[in-house]
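Structure at a glance
Below, each chain spelled out in residue letters.
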Amino acid sequence: MAVIFHENSKQFHLFNREVSYIMGIMENGQMENLYYGKAIRDREDFGRFHEEEMRSQMSVCVPEPGILSMQYTRQEYPVYGTGDYRSPALCIRQENGSKIVNFVYAGHKITEGKPSLEPLPAVYTEEDSEAQTLEITLHDEVMDTDLILSYTIFEDYPVIARNARFEHKGEEKIVLERAMSASVEFSDMDFDMIHLAGAWSRERYVKDRKLEMGIQAIQSLNGTCSGAEHNPFMALKRPDATENAGEVYGFSFVYSGNFLMQTEVSTFDMTRVMVGINPEDFAWELKKGESFQTPETVMVYSDQGLNKMSQVYHRLYRKRLMRGKWRDLARPILLNNWEATYFDFNEEKILNIVKKAKEAGVELFVLDDGWFGARNDDYRGLGDWYVNLEKLPGGISGLSRKVEEMGLKFGLWVELEMVNKDSDLYRAHPDWVIGVPERFESHARHQHVLDFSRKEVVDYIYEMISKVIRESSISYIKWDMNRYMTEPYSRTSEPSEQGKVMHKYMLGVYDLYTRLTTEFPDILFESCASGGARFDPGMLYFAPQTWTSDDTDANERTKIQYGTSYVYPVVSMGSHVSAVPNHQLFRTTPIETRAAVAYFGTFGYELDLNLLSDEEMEEVKKQIEFMKKYRELIQVDGDFYRLLSPFEGNETAWQVVSQDKKQSIAALYQKLNKVNASWFRLRLQGLDKDKLYEVSCDVSAAVCTGKKEKEEVLTYCAYGDELMYAGIPVSRKYLTRKGGDFAALLFLVKEAD
Ligand code: GLA
């Protein structure tokens, strides 16, 4: 790994074993991108990658007889107004109304390691030797403003992490109306754009389309979160790239608020990628001496397809984005009471659920919504973070201790950023909500957004909730957030500061997370937003797992978890076995399948185990035993491979493989059963082709079929090459026995003795 500056050619080359990123200082002092892709050996001069051509209608930005034209340049941080008519990375309004800038190279610094971006979340290094950081300072003389472009290259990952910082020194105020984190220019447009789109209960479906001339973008304008509609992730893949071969460029934005991810293909076939805070409704005024730091973009390069890209994100985010005690640990098997009781519970009912959970081997009980204030439905109570003594006479402190005495850890649900108008908090502080006075305040689920851009609001909520935590014995917190922002306006901000509100809101959320995770370092936090509307890297910095979706139907979950796995590690995906008929889709799937999907996540239950039959309860015990045995492999050690896509066919399959390639688990799920069908080959990935493995698969009849047949386990030995290239032959009969429609099979693969 190295960051090299070539004095003569004025070029920077960042590279490691896998990736190269090359930039140069142009004749006009601005920066240009020369190459980003598979590692190439370092040379003194890559000037040949600079493409310059005079074309009709183009303006030239250096004195005669120059022909340097911004419209045909791969600018490192593009600006509008000097001949480039594509979207810029920045826009700065100055006091005279002009938006023209000229940021030219003023110097650079190369340091070991990676500086922290706090209070913003970002990937980090533990040892300086893990990465090098290049900071290039560009200066605009007229405004007297520095723009610092920062690049970190890692030793062991094909990753470049980028951000930008503005430091204003001039007397006159400036307003940042657009300040993107990164822009990358490619000299061609031969790409498919992949992104993850959806809505509540169907988050992160994989979308794939060919790039065309013009702009294609995804965004969030939700204010409170990255959103269920679009995840802050995008990849450009070569059309011939697959899961396991070919070039892919990933872009992941470490931020939980409004974002924009955009590709723009020029009519000269150049592709510009832009990632950053959404400029819509963003305006950040800087006075002399003030600065603005953008969030981080993590770029991954893979020459081995999408699986490799995802595995890099998984490893990096698991080891160098997540933090704290839980970063390296397998997760407790939990039972959450939401779908078991909704708001309708009391202590007796809860303890009854806990008792049965203990019997099954569950390790953590999570009390969801409804334990505080007058919260018997979703019309009231949010904001009143003190226990409802009618439901829980011993308080949370009493209940948490009782649960612990019964042998389980205790976890609690909170939704700290919200308030119902029917609450003591709102009655005391009606001006604490986001909204414009004298205008209608839209609500969602009868709740309103507290103005977390204000420190006093965050302080108050912190005091309230930390008191509950201090008094009780709490091992886990589910931090929910159930609505998007509307009428974004802070009642205490100056008119000129209103464009800061949504970013400051997010900084307030990060601040509260920082305070709580600092004061309670042993607590496992799970973030949540109406299911998976805040599944983003920003959250993973604070909470190492996220509730993936409110949709707990096993078949739907294969799609949601498959899409989520493009960026996020298995251990970050909250996944539960829930009751049937499923509460979101009213679909019935076998209990084995529900577990076989939930194993590839944090794993837990979201139902009252008292309502299961004896056979089902026995099955649950087996499932918990299985997960306890294999969670280290699935969540901590293993690399995850997508094998068959639920977006393409009737079968879905994925697999985890241990680092030493001695152990693997593959899962196969089908949607509808097929009658009189042919056999099927499941080809594995990631094994050692020369190792002899023992494959086993339980093909006995499933609980749901009601047939008490004897246990039947398929076992045989095969070399890695056979399992990967020829595959495991699967009879449809096995799937029929497992329930037919929505059946699943699990293949355990381990090195033969
Ligand atoms: C959201 C969450 C659910 C549950 C409810 C409680 O919808 O996603 O898991 O916690 O809120 O109100």
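This is a predicted model, so every value here is computed, not measured.

Once that is clear, we can look at the overall build of the protein chain. Helix and strand counts for the protein chain come out as 13 helices and 39 strands. Computed over the C-alpha atoms, the radius of gyration of the protein chain is 27 Å, within 12% of the 27 Å expected from 2.2 N^0.38 for a compact globule of 753 residues. Dimensions of the protein chain along its principal axes, counting C-alpha atoms only, are 90 × 70 × 45 Å. Looking at the protein chain as a whole, 63% of its 753 residues qualify as buried. With an accessible surface of roughly 27400 Å², the protein chain has 49% of that area assigned to carbon and sulfur atoms. Separation of charge centres in the protein chain, based on 88 positive and 117 negative side chains, amounts to 4 Å.

Another point: the packing of helix 3 (residues 347-360) against helix 4 (residues 395-405). Taken N-terminus to C-terminus, the directions of helix 3 and helix 4 make an angle of 25°; their axes are 11 Å apart at the nearest point. With respect to their mutual orientation, helix 3 and helix 4 come out roughly parallel. Between helix 3 and helix 4 lies a crossing whose hand is right-handed. Contact with helix 3, carried on its side by Glu347, Ile350, Leu351 and Val354, involves Leu399, Lys402 and Val403 of helix 4 and no other residues of that element. For the contact of helix 3 with helix 4, a count of residues per class yields five nonpolar, no polar and two charged.

Glancing now at the packing of aromatic side chains. Each aromatic ring pair is specified by the distance between its two centres and by the angle formed by the two planes. The full count for this structure, using the stated rule, is 51 aromatic pairs. Relative to Trp284, the ring of Phe282 has its centre 6.2 Å away and its plane inclined at 25°; by these criteria the two rings are stacked. For the residue pair Phe282 and Trp284, the accessibility class agrees, reading buried in each case. Of note, Arg323 hangs over the ring of Tyr541, and the distance from its end group to the ring centre comes to 3.6 Å.

When the parts of a complex come together, some accessible area is lost, and that lost area is often taken as the interface size. The domain architecture assigned to the protein chain consists of domain 1 (2-43 + 61-320), domain 2 (327-637) and domain 3 (651-751). On a C-alpha basis, the centroid separation for the pair domain 2 and domain 3 is 34 Å. Taken together, the contact pairs 24 residues of domain 2 with 26 residues of domain 3. For the pair domain 2 and domain 3, the summed buried area comes to about 2100 Å², and 72% of that belongs to carbon and sulfur atoms. Contact with domain 3 buries area across many residues of domain 2, yet Phe600, Leu633 and Asp637 alone supply 27% of it, more than any other trio. Where domain 2 packs against domain 3, one counts zero salt bridges. Across the contact surface, domain 2 and domain 3 share five residue pairs in polar contact (both at pLDDT 80 or more). Those elements giving two or more residues to the side of domain 2 that touches domain 3 turn out to be helix 9 (554-564), helix 10 (591-598) and helix 11 (614-637). It is helix 11 that provides the largest number of residues to the side of domain 2 that touches domain 3, a total of nine residues. Among the residues making up the side of domain 2 that touches domain 3, the classes are represented as 11 nonpolar, six polar and seven charged.

Cut-offs used in this document
- Residues numbered from 1 in each chain as written.
- Predicted model: local features only at pLDDT ≥ 70, side-chain atom pairs only at ≥ 80, totals over all residues.
- Heavy atoms only, no water.
- Helix = DSSP H or I, 4+ residues; strand = E, 2+ residues; numbered from the N terminus.
- Rg over C-alpha atoms; globule rule 2.2 N^0.38 Å.
- Buried < 20%, exposed > 50% of the residue type's maximum accessible area, 1.4 Å probe, protein only.
- Areas by Shrake-Rupley, 256 points an atom, 1.4 Å probe, with all protein chains shown as cover.
- Lys, Arg positive; Asp, Glu negative; His and termini not counted.
- Charge placed at Lys NZ, Arg CZ, Asp CG, Glu CD.
- Axes fitted to C-alpha atoms, helices over the stretch in contact; angles between N-to-C directions.
- Parallel < 35°, antiparallel > 145°, perpendicular 65-115°, else oblique.
- Left-handed = near helix turned anticlockwise from the far one by under 90°.
- Contact = heavy atoms within 4.5 Å.
- Nonpolar A, V, L, I, M, F, W, Y, C, P; charged D, E, K, R; others polar.
- Phe/Tyr/Trp six-rings, centres within 6.5 Å; stacked < 30°, edge-to-face > 60°.
- Lys NZ or Arg CZ within 6 Å of the ring centre and 35° of its normal.
- Domains from an automatic or database assignment.
- Buried area = accessible area lost by both parts, 1.4 Å probe.
- Salt bridge = Lys/Arg side-chain N within 4 Å of Asp/Glu carboxyl O.
- Polar contact = N/O pair within 3.5 Å; in protein donor to acceptor, adjacent residues only side chain to side chain.

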